[in-house]
Amino acid sequence: MLNSPITTTVDYSKDGIQHGFLKLPYSRDDSAWGALMIPITVAQRGIGPTVLLTGANHGDEYEGPVALIKLANAIKAEDVKGRVIILPYMNYPAFRAGQRTSPIDKGNLNRSFPGSANGTPTQKIADYVQRHLLPLADYTLDIHSGGRTLDFLPFAAVHVLDDKAQQARCELAMRAFAAPYSMTMLELDSAGMLDSAAEAMGKVFVSTELGGGGSASAKTIAIADRGVQRFLVHAGVYTGALSPVETVMLDMPDSSCFITCLDDGLLEMCKDLGDMIVAGELLARVHDVTRTGVSAIEYRASRNGVLASRHFPGLIACGDTLAVIADVLH
Ligand code: ZN
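Residues numbered from 1 in each chain as written. Predicted model: local features only at pLDDT ≥ 70, side-chain atom pairs only at ≥ 80, totals over all residues. Heavy atoms only, no water.

Draft legend 1. Inspection of the domain arrangement of the protein chain at higher detail. For the protein chain, the assigned domains read domain 1 (7-251) and domain 2 (255-328). Of the residues lining the interface, 15 residues belong to domain 1; the matching set on domain 2 comes to 16 residues. Between domain 1 and domain 2 the total buried area reaches about 1,300 Å² when both faces are included, carbon and sulfur atoms providing 69% of it. Looking only at domain 1, the three residues that lose the most surface to domain 2 are Asp151, Leu153 and Asp251, adding up to 35% of its buried area. Broken down by secondary-structure element, the contributors of at least two residues to the side of domain 1 that touches domain 2 are β7 (150-152) and β11 (248-251). If you tally residues by element for the side of domain 1 that touches domain 2, the top one is β11, at four residues. Broken down by class, the residue content of the side of domain 1 that touches domain 2 amounts to 10 nonpolar, two polar and three charged. (Domains from an automatic or database assignment. Contact = heavy atoms within 4.5 Å. Buried area = accessible area lost by both parts, 1.4 Å probe. Helix = DSSP H or I, 4+ residues; strand = E, 2+ residues; numbered from the N terminus. Nonpolar A, V, L, I, M, F, W, Y, C, P; charged D, E, K, R; others polar.)

Pasting the structure below:
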């Protein structure tokens, strides 16, 4: 198999704190022998588990980058038993552009796994994470939010896995993260996700959706900060005891949780995130933007539950996910 073109300035076997880069050669008009320099921090002391922490898998989701750059700058080797690998801005070109996907190749990193060593820059990042970072990791936390087009109730998430013992380990780590909500998440499009790649290797993997709208709030950043600290304690890399924290358990049992918009127009949400909803209740109206005198299209709830996600911008198009309604378990 082709070697990754990515080289690194850090040594994954060395004790101490190392701030460096993944260097991805990228020849282009403004830099003939240039490279993309993706920041990475490795904190290690002695023998212990390895935790991989990633942000900006999508470039317009900010709780991960904010929490992880703070951790990278604050982490001390003497507080670590084992190893922490921190990639605050994993799809770096997308992050720098403030976009979900890379401006270079339009690559959606979280649909690019297992990647390719001779593919596009986004595929090369996926390939490096797949073959060089995931195998090192016992625990992986990938911090997402809704980005510019979605907003979420703040939750940590796991998937339904064939290996129930592995799923139980993921659920324990999700509860340790202690977001206000904890979701068993259904993916409609899981091929190529970091989640699937890590889960297929048998890793303990937790993802999050902590907010959205293309920014981050003090509240959601605090959830990320606390969650990362607790995740490290749970993994055994940080010492300490975890105080129990209330989290509302949510489930997305089937595709009826997703409400897809079938019209272009002006979105009027009639419910907000966190609202409890009864099947048939009015969820949103979509107004015609080309003329007056036309009745709005009504969107009604497909099921009982809580409004867990919504389309964020004021305008909506046919095919957009308008809302996600999740079951509240307890
Ligand atoms: Zn994302």
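Draft legend 2. Structural context of the coordination of the zinc ion. Looking at the zinc ion, the protein donor atoms are His58 (ND1), Glu61 (OE), Glu61 (OE) and His144 (ND1), and they sit 2.1 to 2.3 Å from it. Because the angles between the four donor atoms bound to the zinc ion fall within 58 to 148°, the donor set is best described as irregular. (Donors = N, O, S within 2.8 Å, 3.2 Å for Na, K, Ca; no water. Tetrahedral: all angles 85-135°; square planar, octahedral: opposite > 155°, others 65-115°.)

Draft legend 3. Region of the structure containing a nonpolar patch on the surface. There is a patch of nonpolar side chains on the surface, built from Leu266, Val289 and Leu315 and spanning about 290 Å² of accessible area. Here Leu266 is to be found in strand β13 (residues 265-269). Exposure remark for Leu266: the relative accessible area of 40% places this residue in the partly exposed category. (Patch = residues over 30% accessible without salt bridge, like charges linked within 9 Å, V, L, I, M, F, W, Y side chains within 5 Å. Areas by Shrake-Rupley, 256 points an atom, 1.4 Å probe, with all protein chains shown as cover. Salt bridge = Lys/Arg side-chain N within 4 Å of Asp/Glu carboxyl O. Buried < 20%, exposed > 50% of the residue type's maximum accessible area, 1.4 Å probe, protein only.)

Draft legend 4. The arrangement of the sheet that holds strand β16 (residues 297-300) in detail. Taking strand neighbours across the sheet as the criterion, the four strands line up as β16-β15-β13-β18 in an open arrangement whose pairing is antiparallel. Two strands lie at the open edges of the sheet, namely β16 and β18 (315-316), each paired on one side alone. Judged from the four bridges that link them, strand β15 (residues 282-287) and β16 form a sheet pairing that is antiparallel. Bridging from a neighbouring strand, Arg285 pairs with Glu298 of β16. (Pairing = 2+ DSSP bridges.)

Draft legend 5. View of the pattern of salt bridges. Tallied over the entire structure, the rule returns 11 salt bridges. With its nearest N and O atoms 2.7 Å apart, the salt bridge here joins Lys70 to Asp225. Linking Lys70 in helix α1 (residues 63-74) with Asp225 in helix α6 (residues 218-235), this pair joins segments that are 155 residues apart in sequence. Assessed through its relative accessible area of 23%, Asp225 is described here as partly exposed. Asp327 is the salt-bridge partner of Arg303, the closest N and O atoms lying 3.0 Å from each other. Remark: Asp327 occurs in strand β19 (residues 321-328) and Arg303 occurs in the loop between β16 and β17 (305-311); sequence separation between them is 24 residues. Looking at Arg303, the relative accessible area reads 13%, which means it is buried. Through salt bridges with shared partners, a single network forms among Asp254, Arg303 and Asp327.

Draft legend 6. Focus on the nonpolar core. Formed by 35 residues in total, the largest nonpolar core has its most connected members in Leu53, Leu71, Val84 and Leu232. When contributions to this core are tallied by element, the ones reaching two or more residues are β4 (50-55), α1, β5 (82-87), β6 (139-144), β8 (155-159), α4 (164-177), β10 (204-209) and α6. Element by element, the count of residues in this core is highest for α6, at seven residues. Sequence-distant contacts of Leu53, that is, excluding residues within four places in its chain, are made with Leu68, Leu71, Val84, Ile85, Ile86, Leu87, Leu141, Val228, Phe231 and Leu232. Counting residues in hydrophobic clusters, the runner-up holds 30 residues, among them Ile38, Ile85, Leu87 and Phe205. (Core = buried A, V, L, I, M, F, W, Y, C linked by side-chain atoms within 4.5 Å.)

Draft legend 7. Highlighting helix α3 (residues 121-133). An ideal rise of 1.5 Å per residue puts 18 Å on 13 residues; α3 measures up with 17 Å between its terminal C-alpha atoms. Across the 13 residues that make up α3, a large majority, 10, are buried. By the burial criterion, the buried members of α3 are Pro121, Thr122, Lys124, Ile125, Ala126, Asp127, Tyr128, Val129, Gln130 and Leu133. (Expected span 1.5 Å × (residues − 1).)

Draft legend 8. Just the packing of α1 against α6, in detail. Contact geometry for α1 and α6: axes closest at 9 Å, N-to-C directions at 55°. The angle between the axes of α1 and α6 places the two elements in the oblique class. Crossing geometry of α1 relative to α6 is assigned as right-handed. In this structure, α1 contributes Glu63, Val66, Ala67, Leu68, Lys70 and Leu71 to the contact, and α6 contributes Thr220, Ile221, Ala224, Asp225, Val228, Gln229 and Leu232. Tallied by class, residues from the contact of α1 with α6 come to eight nonpolar, two polar and three charged. (Axes fitted to C-alpha atoms, helices over the stretch in contact; angles between N-to-C directions. Parallel < 35°, antiparallel > 145°, perpendicular 65-115°, else oblique. Left-handed = near helix turned anticlockwise from the far one by under 90°.)

Draft legend 9. How the structure looks around α4. Over its 14 residues, α4 runs 20 Å from end to end, which matches the ideal 20 Å to within 8%, given 1.5 Å per residue. Where α4 is concerned, the buried positions are Gln166, Gln167, Cys170, Ala173, Met174, Ala176 and Phe177. The backbone nitrogen of Ala165 has a side-chain oxygen 3.1 Å away, supplied by the residue at the start of α4, namely Asp163. A positive phi of about 60° marks Ala178, the residue just after α4. (Polar contact = N/O pair within 3.5 Å; in protein donor to acceptor, adjacent residues only side chain to side chain.)

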